[in-house]
Amino acid sequence: MKKFLSLTLSVVMILGLVACATKQAQTSSASAENSSAKLVMCTNAEFPPYEYKDGGEFMGIDVECAKLIGEKLGVEVEILDIAFDSLIPTVMSGKADFAMAGMTVTEDRKENVDFSHTYQKAVQTIVVPVNSTIETVDDMYGKKIGVQTGTTGDIYCSDDFGEESMERYSKIVDGFQAMKTGKIDAVVVDDQVAKAIVAQDETSFKILETAYAEEEYAIAVKKGNTELLNKINTVIDEIKSNGELKSIVDKYIK
Ligand code: GLN
């Protein structure tokens, strides 16, 4: 009986693998150029409450907004979950139609992608251990600072505090883990993400009141893809003015 069970299990697992492989093949071949009924969104699902995985399912403000955009445009939205610093190259190559990942609009990024109208404001915040002596931005000189690779937190901190201060992680939760074990002194990350992570561990971390940088999120599309950009902008304007965006945000940010 046991043998039969394990055989059945392996068959199920093989079938599952085949299904996964087929799905991946579809994902990588899809793009605006060769598919009209589907849009591929790339994101980095390590960024609650904007995008994360819960029980294998993609959740979050960006995920729901993207689905709503798809609904309104009459297309299916497929999610490609990749590293944050691969998002812009993936949009540039056409492997994804757009990137939506709590992505801040910056002048440098604008040289490589086009940004939609903005849909959220954010603040880069400093998180430290509860017993830290760091109180202001100036106290961070000479300290070890954790950031997610390629984010604005990474870019600004590298500029302000120098390469020797930087500890980079592909998932910001790993930075929090390193801070918990005393390997680094602070984490710089977007405010809502800081709040979501700190809320899970309030006895370990605190968020400084000083705002490090203020910014705005938008969707990135391939440079020159004005057709898609205009469609996305129309939906963003609509959901901003009719309250649909706010009701998604309110579900995730109390
Ligand atoms: N808003 C930051 C940026 O655009 C961080 C985004 C993220 O880590 N998903 O760089």
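The rules we used
Residues numbered from 1 in each chain as written. Predicted model: local features only at pLDDT ≥ 70, side-chain atom pairs only at ≥ 80, totals over all residues. Heavy atoms only, no water. Helix = DSSP H or I, 4+ residues; strand = E, 2+ residues; numbered from the N terminus. Buried < 20%, exposed > 50% of the residue type's maximum accessible area, 1.4 Å probe, protein only. Contact = heavy atoms within 4.5 Å. Areas by Shrake-Rupley, 256 points an atom, 1.4 Å probe, with all protein chains shown as cover. Near = heavy atom within 4 Å. Polar contact = N/O pair within 3.5 Å; in protein donor to acceptor, adjacent residues only side chain to side chain. Nonpolar A, V, L, I, M, F, W, Y, C, P; charged D, E, K, R; others polar. Phe/Tyr/Trp six-rings, centres within 6.5 Å; stacked < 30°, edge-to-face > 60°. Pairing = 2+ DSSP bridges. Right-handed = clockwise from strand over helix to strand, strands pointing away. Axes fitted to C-alpha atoms, helices over the stretch in contact; angles between N-to-C directions.

Novice: Residues and numbers for the overall build of the chain, please.
Specialist: The helix and strand tally for the chain stands at nine helices and 13 strands. Going through the 254 residues of the chain one by one, you find that 48% of them count as buried. Long-range contacts, defined as pairs at least 24 residues apart, comprise 72% of the intrachain contacts of the chain with a sequence gap of at least 6. Only carbon and sulfur atoms are counted for the fraction: they give 54% of the accessible area of the chain, which is about 13000 Å².

Novice: Describe the site of the ligand, with residues and values.
Specialist: In the region of the ligand, 13 residues are neighbours, and Thr104, Arg109, Gln148, Thr152 and Asp190 sit closest. At a separation of 2.7 Å, a nitrogen atom of the ligand approaches a polar side-chain atom of Thr104. Interatomic distance of 2.6 Å between a side-chain N/O atom of Gln148 and an oxygen atom of the ligand. Tallied by class, residues from the shell around the ligand come to five nonpolar, five polar and three charged.

Novice: Which residues make up the packing of aromatic side chains, and what are the values?
Specialist: For the structure on display, the rule yields eight aromatic pairs. Ring geometry for Tyr50 against Tyr217: centres 5.0 Å apart, planes inclined by 85°, an arrangement best described as edge-to-face. Of the two residues, Tyr50 sits in the loop between β2 (46-47) and β3 (51-54) while Tyr217 sits in strand β12 (residues 205-217), which places them 167 residues apart along the sequence. Judged by relative accessible area, Tyr50 falls into the buried class, the value being 0%.

Novice: Can you break down unusual backbone geometry residue by residue, with the values?
Specialist: Of note, the bond from Pro48 into Pro49 is cis; its omega dihedral lies within 30 degrees of zero at 5°. Structurally, Pro49 is set in the loop between β2 and β3.

Novice: Describe the environment of Val75, listing the residues and the values that go with them.
Specialist: Turning to its location among the elements, Val75 is positioned in the loop between α2 (61-73) and β5 (76-81). Along the backbone, Val75 and Lys38 are 37 residues apart, and their C-alpha atoms lie at a distance of 5.1 Å.

Novice: Which residues make up the side chain of Ser165, and what are the values?
Specialist: Residue position: Ser165 is located in the loop between α5 (152-161) and β10 (166-169). Within the local environment of Ser165, its side chain forms a polar contact with the backbone oxygen of Phe161, the two atoms lying 3.4 Å apart. Non-local contacts of Ser165, meaning those with residues more than four positions away in its chain, are made with Gly142, Lys143, Lys144 and Ile145.

Novice: Describe the side chain of Gln120, with residues and values.
Specialist: Mapped onto the fold, Gln120 is located in strand β8 (residues 120-129). At 3.0 Å, the side chain of Gln120 forms a polar contact with the side chain of Tyr50. With residues near it in sequence (within four places) discarded, Gln120 still touches Tyr50, Glu215, Glu216, Tyr217 and Val249.

Novice: Describe the pairing of β10, and please don't skip the residues or the numbers.
Specialist: By the bridge criterion, four bridges tie strand β9 (residues 145-148) to β10 in an arrangement that is parallel. Counted as the bridge partner of Gly146 is Glu167 from β10. Taking the sense of rotation as the criterion, the β-α-β connection linking β9, α5 and β10 turns out right-handed.

Novice: Talk me through α5; I want residue IDs and the actual numbers.
Specialist: If you check which residues of α5 are buried, you get Thr152, Gly153, Asp154, Cys157, Ser158 and Phe161. Along its buried surface, α5 packs onto α4 (107-110), β8, β9, β10, β11 (186-190) and β12. Of the residues one or two after α5, Gly162 is the one with positive phi, at around 90°.

Novice: Can you lay out the sheet that holds strand β7 (residues 113-115) for me, pointing to particular residues and giving the numbers?
Specialist: Pairing between the strands of a sheet is mediated by backbone hydrogen bonds and can be parallel or antiparallel. The five strands lie next to each other as β5-β1-β6-β13-β7, forming an open sheet whose pairing is mixed. Strands with a single pairing partner mark the edges of an open sheet, and in this sheet they are β5 and β7. The sheet contact formed by β7 and strand β13 (residues 220-222) spans three bridges and is antiparallel. Looking across to β13, one finds that Val113 is bridged to Lys222. With respect to the sheet, α2 is in contact with β1 (38-43), β5 and β6 (98-99), its orientation differing from that of β1 by roughly 165°.

Novice: So what about the sheet that holds β12? Which residues, and what values?
Specialist: In spatial order, the strands read β10-β9-β11-β8-β12; together these five strands make up an open sheet with mixed pairing. The open sheet has two edge strands with one neighbour each: β10 and β12. Taken over all neighbouring pairs, the strand axes of this sheet differ in orientation by 25° on average, direction set aside. With two bridges joining them, β9 and β11 adopt parallel strand pairing. If you follow Ile145 over to β11, its bridge partner there is Ala186.

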